[in-house]
Amino acid sequence: MTDVTINAADGGTFTGYLAKPAGGTGPGIVVIQEIFGVNQVMREICDDLASQGYLALCPDLFWRQEPGIQITDKTDEEWAKAFELYKGFSEVKGVNDLIAALGVLRETEGCNGLVGTLGYCLGGKLAYLMATRSNADCSVSYYGVGIEKNLDEASAITKPYLAHIAEKDQFVPPPAQQQIRDALSKISCVTVHTYPGCDHAFARVGGAHYDRQAADLANQRTAAFLKEHLTA
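Residues numbered from 1 in each chain as written. Predicted model: local features only at pLDDT ≥ 70, side-chain atom pairs only at ≥ 80, totals over all residues. Heavy atoms only, no water.

## Considering the pairing of strand E5 (residues 111-120)
Thought 1: Among the 10 residues of E5, 8 are classified as buried, and the element is accordingly described as predominantly covered.
Thought 2: Sheet analysis places strand E3 (residues 26-32) next to E5, joined by 6 bridges and oriented parallel. Paired with Ile29 across the strands is Gly116, a residue of E5.
Thought 3: Here E5 pairs with strand E6 (residues 139-142) via 4 bridges, running parallel. Looking across to E6, one finds that Gly119 is bridged to Ser141.
Thought 4: Between E5 and its parallel partner E6, the chain crosses via helix H4 (residues 122-133), and the hand of that crossover is right-handed. (Buried < 20%, exposed > 50% of the residue type's maximum accessible area, 1.4 Å probe, protein only. Helix = DSSP H or I, 4+ residues; strand = E, 2+ residues; numbered from the N terminus. Pairing = 2+ DSSP bridges. Right-handed = clockwise from strand over helix to strand, strands pointing away.)

## Side note on the layout of surface pockets
Thought 1: Approximately 450 Å³ is the volume found for the largest pocket.
Thought 2: Going through the elements one at a time, helix H1 (40-51), E5 and helix H6 (212-229) are the ones with two or more residues in the lining of the largest pocket.
Thought 3: Residue composition of the lining of the largest pocket, grouped by class: 13 nonpolar, 3 polar and 5 charged. (1 Å grid on protein atoms, 1.4 Å probe; cavity = no way out; pocket = protein on both sides within 12 Å on 5 of 7 lines; lining within 4 Å. Points joined across faces, edges and corners; volume = space filled by probe spheres on them. Nonpolar A, V, L, I, M, F, W, Y, C, P; charged D, E, K, R; others polar.)

## Structural notes on the packing of aromatic side chains
Thought 1: Scanning the entire structure with this criterion turns up 11 aromatic pairs.
Thought 2: Here Tyr195 and Phe202 contribute two aromatic rings whose centre-to-centre distance is 4.9 Å and whose plane-to-plane angle is 35 degrees, an arrangement assigned as tilted.
Thought 3: Three or more aromatic residues joined by ring pairs form one cluster here, namely Tyr120, Tyr142, Tyr143, Tyr195 and Phe202. (Phe/Tyr/Trp six-rings, centres within 6.5 Å; stacked < 30°, edge-to-face > 60°.)

## Points about helix H3 (residues 91-107)
Thought 1: The first and last C-alpha atoms of H3 sit 25 Å apart over 17 residues, in line with the 24 Å expected at 1.5 Å per residue.
Thought 2: For H3, every residue scored as buried is listed here: Gly94, Val95, Asp97, Leu98, Ala100, Ala101, Leu102, Leu105 and Arg106. (Expected span 1.5 Å × (residues − 1).)

## Side note on the environment of Phe14
Thought 1: You can see Phe14 is positioned in strand E2 (residues 13-19).
Thought 2: A relative accessible area of 2% means that Phe14 is categorised as buried.
Thought 3: Residue contacts for Phe14: discarding those within four places in its chain leaves Val4, Thr5, Ile6, Asn7, Ala8, Pro59, Asp60, Trp63 and Asp97. (Contact = heavy atoms within 4.5 Å.)

Below is the structure:
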């Protein structure tokens, strides 16, 4: 496990946490952070993916505001900080940073050249945009916030995309969820699963709305999806 340096398309550099499998080789996954930075939760997700045989890279998308920020969801002060960073975040630059990270991961020693994306919350929206704007081999969104604002891009999805939607998501109201399902149902390579009774971040271990049964199901579906589409 190590940090790598990535060159931004518009100048400057940022870092990413990279976890490699014990065997040293495998497909790549760009893991996309929530609004809390590349914190312990994101690093553990990368480590878990590495244990499954993937090279997992989680880039620091808040580097333009506060490089290396790592906060939790445990206090009001941290939530306030997270929303401050979220409001100051450039979605366009963030996607460009992810595209740069994807390119670095593809060229990383041991990567078989196939690279997917996997994101949560803010990262869930960005994983959707990676499906529409990048050459990622597949993408997965967990409870992405704001996807309904970019559904005009859905027709650009040409590689497999999997979306997990929390039925009771406090940040994605029912009308938005319906818009997302309606638009994505028209794309043959897209799969959408909804989790009844679950709130936002139901898969965040230790989070206020963690639902083990739903999280396990979503993670099993994700594991099968990634294995199917990232096997050389």
